[in-house]
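# Report on the structure
Here is what each chain is made of, one letter per residue.
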Amino acid sequence: MATTERKDKTMSMKAAVAAFVHDGGTVCLEGFTHLVPTAAGHEIIRQGRRDLTVVRMTADIVVDQMIAAGCVSRLVSSFVGNSSAGSLGELRRRIETGEPAPLAFEEYSHYGMICRYLAGAQRLPFHPLRSYGGSDLPSVNSDLRKVTSPYPGPDGEPEQIYVVPPVNPDVTIIHAQRADLSGNTQIWGLTGIQAEAVYAADKAIVVVEEIVDDEVIRSDPNRTLVPAHAVDAVVVCPRGAHPSFAQGYYDRDNAFYRAWSHISKDPRRLQEWLAEWVLGTADHAEYVDKLGEQFWAGLAVGEALSRPVNYGRRL
Amino acid sequence: MTTTTTTTAPDTTTSSELLSVVASRELAARRTVFAGIGLPTLATELAHLTVAPEIEVVYESGVCGAHPSHLPETIADAVLITGAEAVLSMPALFGCVLQGGHIDVGFLGAAQIDRWGNLNTSVIGDWDSPSVRLPGSGGGIEVMANSREVFVVMRRHNPRSFAETLDFCTTPGPDRALAEGIRPLGAGVTRVITELGILARAGVGEELRLVAVHPGVTVEQVRAATGWDLKAAGTVGTVPPPTEAELRLLREDVDPDRVYLR
């Protein structure tokens, strides 16, 4: 059988962000609490990107940090909170007081964002959903619009339904457990909206805990959430999802989530944190070293292996 | 479970214990519950051990049939995934499970609730320049629109939270949706559980009414703590205090490390 030589798409984080994230662009960062692409957000801060539109369902710590670093002018999101651990200080300051600069905010619900990704990935003009009827959100977000279904409703009468527009980011960045050199990306545990977010974008960067041989990927093709054809860059960045987690690799740093509410509440303390941990580190490897092995031992996880399945082979 | 009629002295029961126990009882005979982390976790876990052994919790992160080794700290805690019966993608969870109509009871919280069970989780003040920016909908709008019924647990019962007029309606109940010509699947909020008592409504066209108070709480006290002219049911019952058995399960089996119990 013919074998095709696959392109090696591995790049450094520095090179990937430089190549695909541009001032004024729309950047989608996805990962629903699990596999949050934090290291990529930090590199965007280091490279001083400006005027970005950030698209992310759960805008959390990394978004607060990017806003505080002056990278973000517009946010499209369905949840702007620090998980259940408190507040995002910078985001709240910008929205509540407009200081030090205002932040434009497009507010959605989770399924509204999901439908935007679905429409974007499929290049559809809109996606319908049974949400928003009676909500005040359409009065502050003119992209939430109502149409009449071309088909009669269950009662035979015309049916009204809300729709959301597609989102097509310039680049989507996700974090994953592993990929091969060409970008066949495997994720397990919470898989969120990563695949749809990648297909919605013009370009996609996949950040992984580790690169594995083609044979490892091909031994379990159902686990490949994003195939190589949708990926433009593969970045190896172990522990790049901290303070979120990577199922089977390291646990969530709940203490840091709680600490962020305090750090971000004081603008000076927040800027000092950025100066020390992001701008003061050359790359994520240095950030990881700075945290220290003892720290990482505290987030270590034990083994819980899945049982292999038999894909079978022609005899 | 063996229920005992013996009650614990009220002053040893904390507010989170009280709310969790009362919410757990309301889950009797309910099968599929969409729950966040915190009091709903405690209520559903306790219900599983008492009134609803068949209960299945669906988490907003996509986990169904979790068998966690430890009490989860977030809806996406790794312990929910390891050993779970299923983990779904976001389109499957929100599109097929929720909008497809598979959820019996959704748990929601809010900064403000009104008499129709409409919820505000977006802002205090004007949306454009709020005095407090809150996290927003998350999946709340979808949980309300698509669950058969919704339970709300409110830690604070005061006129600011139980508002005559919401500062902003993030999550509308079915009455507001119908006024706009959109028919939601569910009944909206059917139970509101607070430190003072239980408010209830059956569905479309009904206001929340006071149906029960905790021992020592008067109807007038609840009406004074509510921002609208709260109507009481013909007979307002008294909520039986948490039993020793319920409290023991909650303290020793459900949350021994007191992650959520305060």
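Sequence order sets the numbering: in each chain, residues are counted from 1 along the sequence as written. Chain labels run from A onward and ligand labels from 1 onward, assigned in the order the entries are written. Side-chain atom pairs in this predicted model are given and counted only at pLDDT of 80 or more, local residue features only at pLDDT of at least 70, and totals for whole chains, interfaces and linings cover all residues.

Our focus in this paragraph is the overall build of chain B. The helix and strand labels rest on DSSP assignments: H or I over at least four residues marks a helix, E over at least two residues marks a strand, and numbering proceeds from the N terminus. When its secondary structure is counted, chain B shows eight helices and 14 strands. Every radius of gyration here is taken over C-alpha atoms, with the globule rule written as 2.2 Å times N^0.38, N being the number of residues. Against the compact-globule benchmark of 18 Å for 262 residues, chain B has a radius of gyration of 18 Å, which places it among compact chains. In terms of overall dimensions, chain B has C-alpha extents of about 45 × 45 × 35 Å along its principal axes. A pair of residues counts as a contact when their C-beta atoms, built from backbone coordinates, are within 7 Å of each other. Contacts in chain B between residues at least 24 apart in sequence constitute 65% of all its contacts with a sequence separation of at least 6.

In terms of nonpolar packing, the biggest core is built from 159 residues, with Met66(A), Ile205(A), Val206(A) and Val152(B) touching the most fellow members. Among residues more than four places away in sequence, those in contact with Ile205(A) are Ala16(A), Phe20(A), Ala40(A), Val171(A), Ile173(A), Asp232(A), Ala233(A) and Val235(A). Each nonpolar core comprises buried Ala, Val, Leu, Ile, Met, Phe, Trp, Tyr and Cys residues, the members being joined through C-beta atoms within 7 Å. With C-beta atoms placed from the backbone, a residue is buried if 20 or more other C-beta atoms are within 10 Å of its own, exposed if 12 or fewer are, and partly exposed between those counts.

Moving on, we come to the domain arrangement of chain A. Each domain span listed reflects an automatic or database assignment of domains. With domains assigned, chain A is organised as domain 1 (13-109 + 168-299) and domain 2 (126-164). Centre-to-centre separation of domain 1 of chain A and domain 2 of chain A, based on C-alpha positions: 32 Å.

Let us now look at the interface of chain B and chain A. On the side of chain A, 41 residues touch chain B, which itself brings 44 residues to the contact. Elements supplying a minimum of two residues to the side of chain B that touches chain A: helix H3 (78-81), helix H4 (90-98), strand E9 (130-133), helix H5 (140-146) and helix H6 (174-179) of chain B. Counting residues per element, the side of chain B that touches chain A draws most heavily on H5(B), at five residues. Of the residues in the side of chain B that touches chain A, the class split is 21 nonpolar, 18 polar and five charged. Three classes are used: nonpolar for Ala, Val, Leu, Ile, Met, Phe, Trp, Tyr, Cys and Pro, charged for Asp, Glu, Lys and Arg, and polar for all others, with Gly counted as polar.

Before going further, it helps to spend a moment on the sheet that holds strand E10 (residues 158-164) of chain A. Residue and element names in this part refer to chain A. Read across the sheet, three strands follow the order E8-E10-E9 without closing on themselves; strand pairing throughout is antiparallel. Each edge of the open sheet carries a strand with a single partner, namely strand E8 (127-129) and strand E9 (145-152). Each strand axis lies, on average, 55 degrees off the axis of its neighbour in the sheet, ignoring direction. Comment: axis = line fitted to C-alpha atoms, over the contacting stretch for helices; angle = value between 0 and 180 degrees taken between N-to-C directions. Running at roughly 155 degrees to E8, helix H5 (residues 110-122) makes contact with E8 and E10 of the sheet. DSSP bridges decide pairing: two strands pair if at least two such bridges lie between them.

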